[in-house]
Amino acid sequence: MENKGLIRLQKLRELNLKTPGWKNGDLYRLLYCEDMYIAAYENICRNKGAITSRFISETVHTFNIERIRQIIKELRQGTYNFPSLRRIYIPKSGKKILRPLGVPSFYDTLLQEAIRMILEVIYEPSFSKNSHGFRPGKSCHTALKQVSQEFNGVKWIIEGDIKGVYEYIDHRILLGILEERIKDPRFIQLIGKSLKAGYIENTGGFIKSIFGTPPSSLISPILTNIYLDKLDSYVQTLKDQYEQINEEKSTSGQYTKDYNIVRKAIKHKETIIKKSDLKKEKMVYDIEIKTLKSLKLKLKQLIPRKPKTIPINIQYVRYGDDWILGVNGPGWIAQEIKTNIHVFLKKALGLSLLEGKIKITYIRNKFVPFLGYNFKVDISRTTNRYIKKNEKTRTRCATGNVIKFYLPVDTYLKRFELQGICDKNGIAKSVPQWTVLKPERIVETYNYMINGVFNYYSNIQNKDDLRRIQFILQMSCAKTLAHKFKTSVMKIFSKYGKTMRIVRTGGSKKERIFQLNLKTTTQTNEKWRSGVINQIDPFYLQVNLRPRSKLEAHCTVCMNPNDVEMQHVKHVRKATVSKGFSRLLGIINRKQIPVCRQCHIRIDNGLYDRLKLSELANLKLAKI
């Protein structure tokens, strides 16, 4: 299969890298290339949600070349319509409220991934360096790294929450922004169709989409970044405007000298008055003080002041719809910037800030929350050693303002309380709903939580609080196992140890160990601190690496060349302890393999369970 679409996509990327603001045309014809869908499939087939059954009974298992050609045919005829999403509600992390989630069909997702690839090569080179959300090579830690490097000198932090970005994006404004860089009406119309597909509730009612982007849609994140890139550009304009030299008047040297002489004389006379008991002396000194004060006022009025320049510094970071802005300067500048951003969002983008959540904080006194961290400016004292020529080594102390990050313990305790892991006082509890799982799955679940917390909060100052979170999870795991086996926590520790070590034998008679990865020390993530991120170009990988999806190959079971689909396994390592055809894929270390439609049905029905590779080969020869 030729890579015509991917080669042209690479040329588009080079043009947009060389020429900012390049007008991109004839994009709709890129969706006629089959290799675009193969690359899109390679990007999404490894996601856990790809195997989930959708509103239309299509999953990644039904992926075949004939269905791709059917999509291309409908696009050529202009009859392709995005089906309505099935809307479900899932609990929001750490809260009791539910958030909506749209479940699209698999081929709808496949086409959206192809559209996302096109939009990425157009807009990624022109996005602001201050934007970190849903972009290749960037993450929450790159946003936090920028805060730690550039916010050290700021005094005021403006933290704002945009009201329902994904729900209130204006379709007319969004399509107008796309037309600035894309001169292909059919491509923009196709994006408009995906935005207006609508939802079908669990009750059966249909809801038409007037505003917003579909939740869980693959193009929603990049469309939101394109929409909020206008905010990034406007903040850059404010930065250039306010960072002009701000002139204030300051005193000259002669004025300061005369002023200090008069001030000291006034204090001396007032001291004498307090010590004196005679009324006549007090009256004389009062007259002299009045004379000195009038002289002070004349000095202030007659002697001119020379100008003093004070630089203003403004920093800005955004991750999705979560953003903060730092100001090093007077407080009135922070107030003006807050008002200007509010007016711009309302007039230019049709969005608004939540009044209760937008704050201006003096960062040297209070913590500021951002991306799950709390941070503030602390005074740091460092000692530097240096050597002068022909002299001994000397030391020099330096002080400065440094951003330091902290773990929000109260937030985590509330989240654990909602999950039933601990009570409101932070005392660990067993989780009854997890007692139905196997012991190794219980340990694995808690181990994922411990690794997740330590990997994300590896750069905080309050390391003891991080160890407290680990202790709560360790005790909750022990109490859950004790609840499952109806025994005491002490017996669980004596049987499995502090790490809850469980050994299981897989299908190939290899031992597999499940245990808690308890951390005794918390080391700072050096890559995060130094700013080093993954330098591998994701576009290079998807264009130049050979895909493993060989839809034009024969069925690997019966060698049938027709109706070839892809069989998937969720996890290869877990497949080694499972049964059936998944175990065979685990042995050959493959998560996907081409099979025909008839063999696919036999696999799903379990007809190939408990077969060895040799038996499967004999079965294949018998069919031939």
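Values in this document were obtained by computation on a predicted structure and should not be read as measured data. As a convention, each chain's residues are numbered from 1 in the sequence order in which they are written. In keeping with the model being predicted, local features are shown solely for residues with a pLDDT of at least 70 and side-chain atom pairs are shown and tallied solely at 80 or more, while totals for entire chains, interfaces and linings include all residues. For the side-chain quantities, the full set of heavy atoms in the structure was used; hydrogens and water were omitted.

### Here we look at the overall build of the protein
Here is the rule we go by: In DSSP terms, a helix is any run of H or I states spanning at least four residues, a strand is any run of E spanning at least two, and both are numbered starting from the N terminus. Under the scheme applied here, a residue whose accessible area is under 20% of the maximum for its type counts as buried, over 50% as exposed, and between as partly exposed, the area being computed with a 1.4 Å probe on protein chains only. Throughout, a residue-residue contact means that at least one pair of heavy atoms, one from each residue, lies within 4.5 Å. Areas reported here follow the Shrake-Rupley algorithm with a probe of radius 1.4 Å; residue values treat only the protein chains shown as occluding.
Within the protein one finds 22 helices and 17 strands. Residues counted as buried form 42% of the 624 residues belonging to the protein. Taking contacts inside the protein between residues at least 6 apart in sequence as the whole, the part at least 24 apart equals 72%. Carbon and sulfur atoms provide 53% of the accessible area of the protein, an area that totals close to 34700 Å².

### Quick notes on the environment of Pro 136
Here Pro 136 shows up in the loop between α4 (106–123) and α5 (140–150). A relative accessible area of 32% places Pro 136 in the partly exposed class. Put simply, Pro 136 and Glu 120 are 16 residues apart on the chain and 9.4 Å apart in space, counted from C-alpha to C-alpha.

### Considerations on the pattern of salt bridges
Stated formally: Any carboxyl oxygen of Asp or Glu that lies within 4 Å of a side-chain nitrogen of Lys or Arg is treated as forming a salt bridge with it.
Evaluated as defined, the whole model comprises 13 salt bridges. Here Arg 69 and Glu 34 are joined by a salt bridge, their closest N and O atoms 3.0 Å apart. With Arg 69 in helix α3 (residues 65–77) and Glu 34 in helix α2 (residues 34–44), the pair connects residues that are 35 residues apart, well separated along the chain. Taking the shortest distance from any N to any O, the salt bridge between Arg 135 and Glu 124 comes out at 2.7 Å.

### Remarks on the pairing of strand β15 (residues 511–514)
Put simply, side chains in a regular strand alternate between the two faces of the sheet. The condition is simple: A pair of strands is treated as paired once DSSP finds two or more bridges between them.
Residues Arg 512 and Phe 514 of β15 are buried on one face, while the alternating residues Glu 511 and Ile 513, pointing to the opposite face, are not. Relative to β15, strand β14 (residues 502–505) is paired through four bridges, and the arrangement is antiparallel. By the bridge assignment for β15, Ile 502 is matched with Phe 514.

### A short note on α3
Convention followed: Multiplying 1.5 Å by the residue count of a helix minus one yields the expected span of that helix. It is the directions from the helix axis to the C-beta atoms whose arc is reported.
The end-to-end C-alpha distance of α3, which contains 13 residues, comes to 19 Å, matching closely the 18 Å that a straight helix rising 1.5 Å per residue would cover. Every buried residue of α3 is accounted for by Ile 65, Ile 68, Ile 71, Ile 72 and Leu 75. One side of α3 holds all its buried residues, which, seen down the axis, span an arc of 115 degrees. On its buried face, α3 is in contact with α2, α4 and α8 (185–195).

### What about the side chain of Gln 315?
Note the threshold: Pairs of N or O atoms within 3.5 Å make up the polar contacts considered here, provided that, within protein, one atom can donate a hydrogen while the other can accept it, and that residues adjacent in sequence are counted only when both atoms are side-chain atoms.
Summarising the element assignment, Gln 315 is placed in strand β8 (residues 313–319). Among the polar contacts made by the side chain of Gln 315, one reaches the side chain of Asn 313 at a distance of 3.1 Å. Apart from residues no more than four positions distant in its own chain, Gln 315 is found in contact with Glu 150, Phe 151, Val 154, Lys 239, Ile 324, Leu 325 and Gly 326.

### Description of the confidence of the model for the protein
Inclusion rule: A score from 0 to 100, pLDDT tells how confident the predictor is in each residue.
Residues at a pLDDT of 70 or more form 69% of the protein, whose mean pLDDT is 77. Averaged pLDDT values over the elements of the protein bottom out at 49 in helix α19 (residues 572–575) and peak at 93 in helix α7 (residues 171–179). A low-confidence stretch, residues 531–536 (pLDDT under 50), is modelled with five contacts involving residues beyond four sequence positions or located in other chains. Across residues 620–624, confidence stays below pLDDT 50; counting only partners more than four residues off in sequence or on other chains, it has nine contacts.

### Points about empty space enclosed by the protein
This is how the line gets drawn: Here a cavity denotes a set of grid points, spaced 1 Å apart and computed over the protein atoms alone, in which a 1.4 Å probe fits but from which it cannot get out, and a pocket denotes an open set meeting protein on both sides within 12 Å along at least five of seven lines; residues with an atom within 4 Å of a point are reported as lining. Grid points are joined across faces, edges and corners, and a volume is the space filled by probe spheres set on the points. Side-chain classes are defined by residue name, with Ala, Val, Leu, Ile, Met, Phe, Trp, Tyr, Cys and Pro counting as nonpolar, Asp, Glu, Lys and Arg as charged, and the others, Gly among them, as polar.
Applying the stated criterion across every chain, the model contains one cavity of 30 Å³ or more. Empty space within the largest cavity amounts to approximately 40 Å³. As for the largest cavity, its lining consists of Phe 82, Pro 83, Leu 85, Pro 104, Asp 108, Gln 112, Ser 194, Ala 197, Pro 214, Pro 215 and Ser 217. When grouped by side-chain class, the residues that make up the lining of the largest cavity number seven nonpolar, three polar and one charged.

### What about the packing of aromatic side chains?
The relative placement of two aromatic rings is captured by the distance of their centres and the angle of their planes. The condition is simple: Planes of paired rings set the category: under 30 degrees apart is stacked, over 60 is edge-to-face and the rest tilted, where pairs are Phe, Tyr or Trp rings (Trp by its six-membered ring) whose centres lie within 6.5 Å.
The tally for this structure, following the rule as stated, stands at 16 aromatic pairs. Considering the side-chain rings of Tyr 28 and Tyr 32, the 5.8 Å spacing of their centres and the 85 degrees angle between planes classify their relative orientation as edge-to-face. By relative accessible area, Tyr 28 is classed as buried at 6%. Look at Phe 134 and Tyr 319: their rings are 5.8 Å apart centre to centre, the planes differ by 40 degrees, and that puts the pair in the tilted class. A residue pair is termed long-range when its members are at least 10 positions apart, and Phe 134 in the loop between α4 and α5 and Tyr 319 in strand β8 qualify at 185 residues. For Tyr 319, a relative accessible area of 18% gives the class buried.

### A word on the environment of Asn 365
Locating Asn 365 in the fold gives a position in the loop between β10 (359–362) and β11 (368–370). On the accessibility criterion, Asn 365 (59% relative accessible area) is exposed. Sequence-wise, Asn 365 and Lys 155 are 210 residues apart; in three dimensions their C-alpha atoms are separated by 9.6 Å.

### Description of the sheet that holds β10
Formally: Helix axes use the C-alpha atoms of the stretch in contact, all axes being lines fitted to C-alpha atoms, and the angles between their N-to-C directions lie in the range 0 to 180 degrees.
Read across the sheet, four strands follow the order β8-β9-β3-β10 without closing on themselves; strand pairing throughout is antiparallel. In this open sheet, the two edge strands, each paired with only one partner strand, are β8 and β10. For this sheet, the mean angle separating the axes of adjacent strands, direction not counted, is 20 degrees. Pairing analysis gives four bridges linking strand β3 (residues 156–161) to β10, with the strands arranged antiparallel. Considered in β10, the bridge of Trp 156 is made with Tyr 362. The sheet contacts of helix α9 (residues 220–242) involve β8 and β9 (322–328), and relative to β8 the element is tilted by about 170 degrees. Sitting on the sheet, helix α12 (residues 331–349) touches β3, β8, β9 and β10, and the angle it makes with β9 is about 150 degrees.

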